[in-house]
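# Overview (structure and organization)
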Amino acid sequence: MIQDAALGFSQASQFSSLVATAIGVMFGLTVGMIPGMTISTGIIIVLPLTYTLDPNISIALLLGLYVAGMTGGSFTAILLNIPGTPSASATAIDGFPLKERGEAGRALGIAIVASFVGGIVSFGCLYLIAPQLADLALNFRAPDLFALVLFGLTIICSFAAKSLIKGLVSAALGLMIVTVGQDPMMGTARFTFDNVNLLSGVHFLTAMIGLFAIPELIKSICTPATLMPETQKKIGSFWSVFPRLADLKQILRPMLIGSPIGSFLGLLPGAGGPIAAFISYDYAKKSSKNPEEYGKGSIEGIAAPESANNAVTGGALIPMMTLGIPGDPVTAILIGALLVHGLAPGPLLFLERGDFAYGLIFSFFFANIFNLILALVGVRLLVKLLNTPRAFMMPTIGLLCVIGSYALRNSFFDIYVMLAFGVIGLIMRWVDMPVVPLLLALVLGKPLEEHLRVSLISSQGDYSIFLQSPFSVGFLSLAAFSVLWSLVVVPWRDRLRAKKLEGPTSQ
Amino acid sequence: MYRFTKTTLTGLIGAFAMASCFMGVVRAEFPEKAIEFVIPFGAGGSADIEGRLLANAMSKVLGVPVVPVNKVGGGGAVTYTHLKNSKPDGYTIAWASTSLLTSSGIGNIPFDHSALDHLGQVEFQPMIVSVKGNAKWQTFKEFADYCKANPGKLKIANSGTGSATHIAAVAVENAMGCKVIHLPVGIKRRNATVLSGEADAAVGPLTATRRLAKAGKLRMLAAPTAERNPVAPDVPTMKELGYDADLDLFRSLAVPKGTPAAVVARLKEAMVTAANSAAFKDLAKKNGFTIKPLVGKDFDQRLAKDGAVVISIMKGAGIYKSKTK
Amino acid sequence: MSMPLKNVIISMIMLLIGSSYLYFSLQLPVRSIGNVPGPSFFPLVISAIVLFLAAALLVNGIVNLRNEQPQEAEPAVPKRVISTLVWFVLYLIALPYVGFLVASVPFFAGLMMLCEQKKLVPVAIGSILIPVFLYFLFRQGFNILLPAGQWM
């Protein structure tokens, strides 16, 4: 294990990996910052590259993007009062007033440092918990895994939707789509209507490009130019971004609240950055000595949500690596990127490819380091990118959607599928139905069916097998609990949401 | 005006003619673009590891990218169906194996190996019956005896219903003479199911079993093969132990039916060169598969021989061409 | 359109999709390997879930339809949504014939104009340079296949 960790460290600290991490960070800061481009859009742009780059390099790139995207979102939240990504919504509450007082640099610095602390705390969790969880997960049998995946799906639904039922409908739609193609167990063609292209089914990356990028693209194109924000903003001198010691002392407590909350919520599939940010903001405010400052430009109010949303990233990597269960679109893509290179995330990853597993963990560490340095040094330069004309950016994203969906399997049919999912995404937004459950159902649908069927083969058709293992009973109860819980918590969350957050909880 | 049009037209025709000549020249030179290399099993398995390395080596020979793509499901059925439906231009090749014979034999695909063209065999390796490292069975005989005492209780994991490992497990089952439950858990879970204790044993290619066996997590009991493998010299063959089961896993390359002869020849050449490349040889030595390129008649013989073995195993278990009701 | 009304519409659509899915699931072949769930087992389970959820959403929508007054009218689908989709469709139709490089130029120019870029020079520069750049970046730089045209 120590050997694997050392190997992983040397892999992650190779020059090519470090360069990839740095590029990913720059890119992540940019897409996170630009309103209308989310981390998912950024990932879609680099997606085709991950098909051919070495796995450790593409993972380093993607991790850099993931980590930095969370930070980049806070720049626009602070400067323009528009969150660059949904996760930064809570940052705007105090970030924008502070900027209005002429302390933009200070606000940005606090956000960047808090992001770093959140990231490093979650790195600690990842490093300590992931190998242990992988060991535990080795004991899981098919019924346990079925129950676990089911729990993953229900908790995603209950987090993602204002109305639980719409989240569940979305997930069910995804499960229906996943059954199109050849049956994973026997190769029987299902719902293919004798169409050759449908035999291999819908790839979730194709669906993801359509569901996320196309509606964002169209929304951005449909925003009349006059409504686009005025982006010329002064930050102050180079050194104004570097936080003062007194500030650091003051934000220590909110960061220590935000980081564990973020790491824990990252662990739960579907919770994601926005929820973690709001919960820790709320909690930091309640426990603060001077809560009356919150909302008027308190640096504590920036530090708590920013540390939380970055801590989510490390937390989300834990179930992704050890169980193969993605908690958000980004980790879903990470799984896809690993699979393209013949690496299957799951409990065996640590046993069979421990070097790679630890390489991933250390790449995440470096991503946080680079994020701190590049954001502090480069923020003044990066903000200038907000002026890139939409007229060049949006069509480029359009082309990249097409490249990304084609290059995956070299199939024209996949491009059509991608566009069809774009239309589905538009309709779902129109009826306020979350797309994340559908997407994750596409990832989890196959394992769900396989584990269910293998369980029943193993028990020779006896359904009580799901009640015989403590793990399976535990996960099934958690699944039921998550459904009930979301029925109770939703009113409370709506109240929280009404305070500030507007827009989707997707990333 | 008239003259202008005429000149333009002549120019256009000339340009077109030149372009088509040029394209004709280019077309003659196969390959001119990337080749899709379809792998029938999932990431991290032996088919995947060996396939990716071979694809890489072939790419160096052919001078174009050879891109590995996993199309998993139905014990290989998904890949073979995809290949059969692909354009016969040489730009889609499949990393076929014994699973072509088995998945068609069991009825997962409605065609047999003659519906595809074959470049030939690349390598072969034994499949191994393994149990958990701390299992109570030290030898295969103990395992078989336990099975006889508890028929229908033991669970053996394989890479998918209709895959080569499934049929090898059926062969083992036939040889032991007692019923077992076959768990079609797929490449990703095959070893994991044994480690978690859900399955009592697994049948998998040597390549995929070797690493965990070396670490003491798995114990290799026996191999339904003709002779012992240098990488695992302690693992007896089933024949030595007095059980009649012999089915090796060969891996070969296939292209869609009707691929032009010149293209097939070029690919065959690339396949043989890649199979004998240093990188592939290193992997073979490390993981215990035997590189033995077989093309043309020799490979047809192998297909016929193994096909007959597969059919007899399936008939013995009553799963040959299990039709839809 | 009010949300309850949208819910009613979407639940009707889901009922339709769910029942056709159920119909096709019942048509699936049954294989005789073992006494275990076949290919149609999982789809049947999903059918039941979808139909139940759609019905629940329908009831929910109807109840709220009675309670709530219809809210302010939303603008109809903006023209630009349709235009963007039409550009995409035309692009996708052209791709298999003329390939990435040729098809991307008019598509790019079209989307640029939709983004209110009216000056011809930036449109020409952007719509030629960016697709060419992407082509070389992916094709040559990263060895990634791009859609090729059968006419080219």
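Before reading on, note that the structure itself is shown above.
Residues numbered from 1 in each chain as written. Chains lettered and ligands numbered in written order. Predicted model: local features only at pLDDT ≥ 70, side-chain atom pairs only at ≥ 80, totals over all residues. Heavy atoms only, no water.

All names here are of chain B. Applying the stated criterion across every chain yields a total of one disulfide over all chains. The disulfide bridge from Cys147 ends at Cys178, spanning 1.9 Å between sulfur atoms. With the S-S dihedral at roughly 115°, the linkage between Cys147 and Cys178 falls on the right-handed side. Taken together, the residues Cys147 in helix α5 (residues 140-149) and Cys178 in the loop between α6 (164-176) and β7 (181-184) connect sequence positions 31 residues apart. (Disulfide = S-S within 2.5 Å. Helix = DSSP H or I, 4+ residues; strand = E, 2+ residues; numbered from the N terminus.)

Below, the discussion takes up the interface of chain C and chain A. Listed per partner, the contact involves 61 residues of chain C and 62 residues of chain A. Note on chain C versus chain A: buried area summed over both sides is about 5700 Å², and carbon and sulfur give 84% of it. At the junction of chain C with chain A, the criterion picks out zero salt bridges. At the surface where chain C touches chain A, the tally comes to six residue pairs in polar contact (both at pLDDT 80 or more). (Contact = heavy atoms within 4.5 Å. Buried area = accessible area lost by both parts, 1.4 Å probe. Salt bridge = Lys/Arg side-chain N within 4 Å of Asp/Glu carboxyl O. Polar contact = N/O pair within 3.5 Å; in protein donor to acceptor, adjacent residues only side chain to side chain.)

Together, Val423(A), Ile427(A), Trp430(A), Met1(C), Leu5(C), Ile9(C), Ile13(C), Ile17(C) and Leu65(C) make up an exposed nonpolar region whose accessible area comes to about 660 Å². Secondary-structure elements contributing two or more residues to the nonpolar patch are α17 (412-430) of chain A together with α1 (3-27) of chain C. Broken down by element, the residue count for the nonpolar patch peaks at four residues, all from α1(C). Here Val423(A) lies in helix α17. Residue classification places Val423(A) among the partly exposed residues on the basis of a relative accessible area of 32%. (Patch = residues over 30% accessible without salt bridge, like charges linked within 9 Å, V, L, I, M, F, W, Y side chains within 5 Å. Areas by Shrake-Rupley, 256 points an atom, 1.4 Å probe, with all protein chains shown as cover. Buried < 20%, exposed > 50% of the residue type's maximum accessible area, 1.4 Å probe, protein only.)

Using a probe with the size of a water molecule, rolled over the atoms, empty space left in the structure can be pinpointed. Residue and element names in this part refer to chain B. On inspection of all chains with the given rule, the structure shows six cavities of 30 Å³ or more. Computed from the structure, the largest cavity encloses a volume of approximately 90 Å³. For the largest cavity, the lining is made up of 14 residues, of which Phe41, Thr165, Pro205, Leu249 and Arg251 are closest to its centre. Those elements giving two or more residues to the lining of the largest cavity turn out to be α2 (46-62), α6, α7 (187-195) and β10 (249-256). Its residues assigned to classes, the lining of the largest cavity shows six nonpolar, six polar and two charged. (1 Å grid on protein atoms, 1.4 Å probe; cavity = no way out; pocket = protein on both sides within 12 Å on 5 of 7 lines; lining within 4 Å. Points joined across faces, edges and corners; volume = space filled by probe spheres on them. Nonpolar A, V, L, I, M, F, W, Y, C, P; charged D, E, K, R; others polar.)

All names here are of chain B. Across the nine residues of helix α4 (residues 98-106), nine count as buried, placing the element largely inside the fold. Every buried residue belonging to α4 is among Thr98, Ser99, Leu100, Leu101, Thr102, Ser103, Ser104, Gly105 and Ile106, and all of these are buried. Residues of α4 that are buried sit in contact with α3 (77-84), β3 (92-97), β4 (116-125), α6, β10 and α11 (297-317). One or two residues past the end of α4 sits Gly107, with phi positive at roughly 100°.

What follows is about the side chain of Thr206(A). Residues and elements named next belong to chain A. By secondary structure assignment, the location of Thr206 is in helix α9 (residues 204-222). What makes Thr206 buried here is its relative accessible area of 1%. If near-sequence neighbours (up to four positions away) are discounted, Thr206 is found in contact with Ser405, Leu408, Asp414, Val417 and Met418.

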